[in-house]
Amino acid sequence: MSAIGRAAEQALIFIPTIEAFVDGRNTADVFEKAYLRLAKRTPGILEREVSEIVNGLFGDVDAYVAEDRLRGDDDLDAGQLLTCATTALVKLRQLSRDG
């Protein structure tokens, strides 16, 4: 399988979890737990394009802080996390179509 095909296949691993948040089926708190668990348990080495998207969103999810009083300047709220997840989802969907 080509690198493009592998990237498309790998993108499909992450899309459902991100879609559930972006589509409003999951809250930011549920998404945070689900995405971190998925990212940590995904085996193997990801193609560069997928890795950049997944790792970027991992950093965003890690910066998410649900409680206003605990959130620092570099932390994200639910709306900001939703924006990041939406951007990642668009990129992963594009990769999945390119394969």
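Calculation notes
Residues numbered from 1 in each chain as written. Predicted model: local features only at pLDDT ≥ 70, side-chain atom pairs only at ≥ 80, totals over all residues. Heavy atoms only, no water. Helix = DSSP H or I, 4+ residues; strand = E, 2+ residues; numbered from the N terminus. Rg over C-alpha atoms; globule rule 2.2 N^0.38 Å. Buried < 20%, exposed > 50% of the residue type's maximum accessible area, 1.4 Å probe, protein only. Contact = heavy atoms within 4.5 Å. Areas by Shrake-Rupley, 256 points an atom, 1.4 Å probe, with all protein chains shown as cover. Lys, Arg positive; Asp, Glu negative; His and termini not counted. Charge placed at Lys NZ, Arg CZ, Asp CG, Glu CD. Axes fitted to C-alpha atoms, helices over the stretch in contact; angles between N-to-C directions. Parallel < 35°, antiparallel > 145°, perpendicular 65-115°, else oblique. Left-handed = near helix turned anticlockwise from the far one by under 90°. Nonpolar A, V, L, I, M, F, W, Y, C, P; charged D, E, K, R; others polar.

Engineer: Sorry, what's going on with the overall build of the protein here?
Structural biologist: On a plain count of helices and strands, the protein comes out with 4 helices and 0 strands. The linear arrangement of helices and strands in the protein, starting from the amino end, is α-α-α-α. Expected size for 99 residues packed as a compact globule is a radius of gyration near 13 Å; at 14 Å, the protein falls within 12% of this value. Viewed in the frame of its principal axes, the protein has a C-alpha envelope of about 50 × 25 × 20 Å. The proportion of buried residues among the 99 residues of the protein is 36%. Pairs at least 24 apart in sequence give 66% of the contacts found in the protein among residues at least 6 apart. As displayed, the protein has an accessible area near 5900 Å², and 51% of this comes from carbon and sulfur atoms. Here the protein contributes 12 positively and 17 negatively charged side chains, and the mean placements of these two sets differ by 6 Å.

Engineer: How should the packing of helix H3 (residues 48-63) against helix H4 (residues 78-98) be read in this particular structure?
Structural biologist: With their axes 10 Å apart at the nearest point, H3 and H4 run at an angle of 170 degrees to one another. Comparing the axis directions of H3 and H4 gives the class roughly antiparallel. Relative to H4, the crossing made by H3 is left-handed. On H4, the residues touching Glu49, Val50, Ile53, Leu57, Asp60 and Val61 of H3 are Leu81, Cys84, Ala85, Ala88, Lys91, Leu92 and Leu95. Taken together, the residues that form the contact of H3 with H4 break down as 10 nonpolar, no polar and 3 charged.

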